[in-house]
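Listed here are the chains, written in short residue letters.
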Amino acid sequence: MKRNVTRIAVLGSGVMGSRIACHFAHTGFEVLLLDIAPKELLESETKKGLTLESAPVRNRIVNDALQAALKSNPSPVYRKSFAQRITTGNFTDNMKDIATCDWIIEVVVERLDIKQQIFEQIEKFRKPGALITSNTSGIPMHLLTQGRSDDFIKHFCGTHFFNPPRYLRLLEIIPTPHTNPAVIDFLLHFGELHLGKTTVLCKDTPAFIANRIGVYGIMSLFHQVKSIGLTVEEVDKLTGPVLGRPKSATFRTCDVVGLDTLVHVANGLYQACPQDEAHDLFQLPEYVATMNSNKWLGDKSGQGFYKKVKNTEGKSEILALDLNTLEYRPQQKVKFATLEQTKVIDAVPARMKVLVEGTDKAGEFYRQSFAGLFAYCANRIPEISDELYKIDQAMNAGFGWELGPFEMWDAVGVHKGVELIKTAGLQLASWVEDMLKQGITSFYKRSAQGLYYYDSNKRDYVLVPGTEQFILLKNIRETKTVWKNSGTTLTDIGDGVLNLEFHTKMNTIGGEVLQGVNTAIDKAEKEFRGLVISNEGANFSAGANLGLVFMFAVEQEWDELDFAVRAFQQATSRIRYSSIPVVVAPHNLTLGGGTEICLHADAVVAHAETYMGLVEFGVGVIPGGGGTKEFALRLSDELMEGDVELNAFRKRFLTIGQAQVSTSAYEAFDLGYLREGVDEVVYSRDRLLLRAKEKAIELADAGYVQPLQRKDIRVLGKQALGLAYVGANSMESGKFISAHDSLISRKLAWVLCGGDLSQPTLVNEKYLLDLEREAFLSLCGERKSLERMQSILQGGKVLRN
């Protein structure tokens, strides 16, 4: 049966409900968001003469919750305007309106009796065949459907979103034994395609998959930390980015999520899993119980494992909790020899063997924690999942781990992991021993056909479902590489299309990447029909190699710097004027030079979470890889004579001058980085390269013609230059910007206006590129620009607005 979903009802507007509603709205769906009607008036409502029957009062709870979500930072929506797709109401007046909805999601308080009351109301009004799901994080599914009709039951299952829904990709699907299999298949596909989720099919076991493993990991650390003698700061240093995990690591994550939330799940697991071999670990250590009793819950209460205070100088300072005394003290700098050894290792999997071989306290910590995690996860098969890859997917998407437990184990080495488990005196799952007896020594293997995992029931490798339909570079790189250098790899992705990926640090753009761009276009023009530029790194590109620019400028190697800037401009021009279509597929950070590459593509297929911006102003220069020229060109294409053209100029000028970075791909359209009707947005990260390849083929099949160099770029000259100069001078006089910022502003205006031409004039691209390069080089010679570059390089910061 074909199922169309266009309208969704979300019942419950709390922190999760309101944000789930936002997530559906910004991916294009109409949403009905309902909550209870107030039982009492606020004092302000009484003064206005309102009653409990007044419309503003009846929807106050749901409206306040939605507005609180929309005001939160980071935003739950890609564009503020997308919230207009949400209609609010209350259970009493508007439950009847769910009859127009194709999917009804319950997100009320975690109490079985209240959920059952809501389901009774849903039963009265839902249309036959409409989906009903619950966002419960722990109540068994079979209890939720007691007393419901057969049609209700077969269209019901759990859909467990993770908070915040926009940013955490995991969606756990938990069916009952009576859920229609077609419903399960639909939700797994819909969640991935339309919501950008990693959908994981779970068994109806306590805390499902991600929270079962994640909370075990945290509770295990809570007990382990004092036995080894580690501080809060040390644990967060050991369990953060070095493992490919979020910077918030362990204790900072607890403060963000709320200790009470963690305690609730841990207590639930302690009660629900008496046979679990790690049962005692789910019991709260004394210091955690004390913190919970004291309401030291983290950010929501103002203090947790960390506490923000004002020091004697009136400046903000973050203190750390001493777990022995339960008193706050200044944070201590963390340094371990084991961690120092990993600083030169960029690839997270390659660090794992170094970490477990450490001879200091850090090494001891990793050996203990890895042994516990590996043993626990192996013993959860088949309890919480029959397939090991689901555990990894859940931890990747729900907790932000770059490597799931079995991926980590593979990186350490399966035999080494077994050694750690046995040394720690833990129970090794029999299926792992059986796997090793077969001579199989890894949980995964890759091939051009996809990713395979070891299936303990079939005692052989099985293809991970879904991986065959996507293009995963890490699966085909070994057999499909056409060319590579130290910073790029060119891969044949089939059907006459090449892909160029960067793999420098933060995917910054230097000589090796520019060489890769030129070689990719050379080869594509001779033997292929299209080129895609994309990669599977954490970020698309943090921009040009600032260290190289700084070195040339400090050494006053102006000819070398001029050559480097020309090379960048020539590479982006080749992207624009090649004889084959070039499609760029950015994701996450796409800054500076990364944005300039996108600006010159025939089409951009951007992941929804793309943060794009020309941020060079913050470094003390202007975009020099064709970005300023391209903004002048796009300004020309949208100009209308009169005051309107000055407004358009001002918008383009400020986008660069304020180093504005989009908070989503949709906002990149608003800022002029992406083009309506040309560029597009994809929600699923796994589908990004596939869709970019399809776009390149579409352009080729449509009879792609090599573009002609533009000679008709209308620049405004003195008309707009005077406006920019006056604005910069007044901002400097008012001490809103520095003298150096004023200088950069004037240089930027000079390029965008085409110099001090006496009247609006048509110019070509070379003319603007020469102006852009001259301005860039002159600013590199300014001491203040060099100071900014040095500060950023020393701090390792990435520029954001």
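Note that the structure is a prediction, hence the values are computed from the model and not measured. (Residues numbered from 1 in each chain as written. Predicted model: local features only at pLDDT ≥ 70, side-chain atom pairs only at ≥ 80, totals over all residues. Heavy atoms only, no water.)

**What about the environment of Glu 765?**
Relative to the assigned elements, Glu 765 resides in helix H33 (residues 765-780). Overall, Glu 765 belongs to the buried group, its relative accessible area being 2%. With 97 residues separating them in the primary sequence, Glu 765 and Ala 668 have C-alpha atoms 23 Å apart. Ignoring anything within four residues of it in the chain, the contact list for Glu 765 reads Tyr 577, Lys 629, Leu 633, Gln 709, Arg 710 and Ile 713. (Helix = DSSP H or I, 4+ residues; strand = E, 2+ residues; numbered from the N terminus. Buried < 20%, exposed > 50% of the residue type's maximum accessible area, 1.4 Å probe, protein only. Contact = heavy atoms within 4.5 Å.)

**Things to note about the sheet that holds strand E5 (residues 131-134)**
Strand-to-strand pairing in sheets goes through backbone hydrogen bonds, with the strands running parallel or antiparallel. The eight strands are arranged E3-E2-E1-E4-E5-E6-E7-E8 in an open sheet whose pairing can be described as mixed. Strands with a single pairing partner mark the edges of an open sheet, and in this sheet they are strand E3 (86-90) and strand E8 (198-201). Going across the sheet, the axis of each strand differs from the next one's by a mean of 25 degrees, ignoring polarity. Across four bridges, strand E7 (residues 170-175) lies against E8 in parallel orientation. Looking across to E8, one finds that Ile 173 is bridged to Leu 201. Against the sheet, helix H9 (residues 181-195) engages strand E4 (103-106), E5, strand E6 (156-161), E7 and E8, with an angle of about 160 degrees to E8. (Pairing = 2+ DSSP bridges. Axes fitted to C-alpha atoms, helices over the stretch in contact; angles between N-to-C directions.)

**Digging into a negative patch on the surface**
There is a patch of like negative charges on the surface, built from Glu 555, Glu 557, Asp 559 and Glu 560. Its location among the elements puts Glu 557 in the loop between helix H24 (546-554) and helix H25 (558-577). (Patch = residues over 30% accessible without salt bridge, like charges linked within 9 Å, V, L, I, M, F, W, Y side chains within 5 Å. Areas by Shrake-Rupley, 256 points an atom, 1.4 Å probe, with all protein chains shown as cover. Salt bridge = Lys/Arg side-chain N within 4 Å of Asp/Glu carboxyl O. Lys, Arg positive; Asp, Glu negative; His and termini not counted. Charge placed at Lys NZ, Arg CZ, Asp CG, Glu CD.)

**What to know about the side chain of Thr 205**
Mapped onto the secondary structure, Thr 205 falls in the loop between E8 and helix H10 (210-228). Excluding its chain neighbours within four sequence positions, the residues that come into contact with Thr 205 are Glu 383 and Ile 384.

**Brief notes about the packing of helix H19 (residues 405-412) against helix H20 (residues 414-423)**
The geometry of H19 relative to H20 is characterised by a closest axis approach of 6 Å and an angle of 105 degrees between their N-to-C directions. On the basis of the axis angle, H19 is roughly perpendicular to H20. Residues Trp 409, Asp 410 and Val 412 of H19 form the contact with H20, whose participating residues are Val 414, Lys 416, Gly 417, Val 418 and Ile 421. Residues that form the contact of H19 with H20 fall into these classes: five nonpolar, one polar and two charged. (Parallel < 35°, antiparallel > 145°, perpendicular 65-115°, else oblique. Nonpolar A, V, L, I, M, F, W, Y, C, P; charged D, E, K, R; others polar.)

**Structural notes on the confidence of the model for the protein**
Across the protein, the average pLDDT comes to 94, with 99% of residues at 70 or higher. Confidence drops under a pLDDT of 50 for residues 797-801, and excluding neighbours within four residues, the segment shows 17 contacts in the predicted structure. (pLDDT = per-residue confidence, 0-100.)

**Things to note about the sheet that holds strand E9 (residues 306-310)**
Taking strand neighbours across the sheet as the criterion, the three strands line up as E9-E10-E11 in an open arrangement whose pairing is antiparallel. With partners counted over all chains shown, the strands left at the sheet margins are E9 and strand E11 (327-330), one partner each. Mean inter-strand twist for the sheet, computed between neighbouring axes without regard to direction, equals 45 degrees. Bridge count for E9 against strand E10 (residues 316-322) is five bridges, and the pairing is antiparallel. Bridge pairing in E10 links Tyr 306 to Ala 320.

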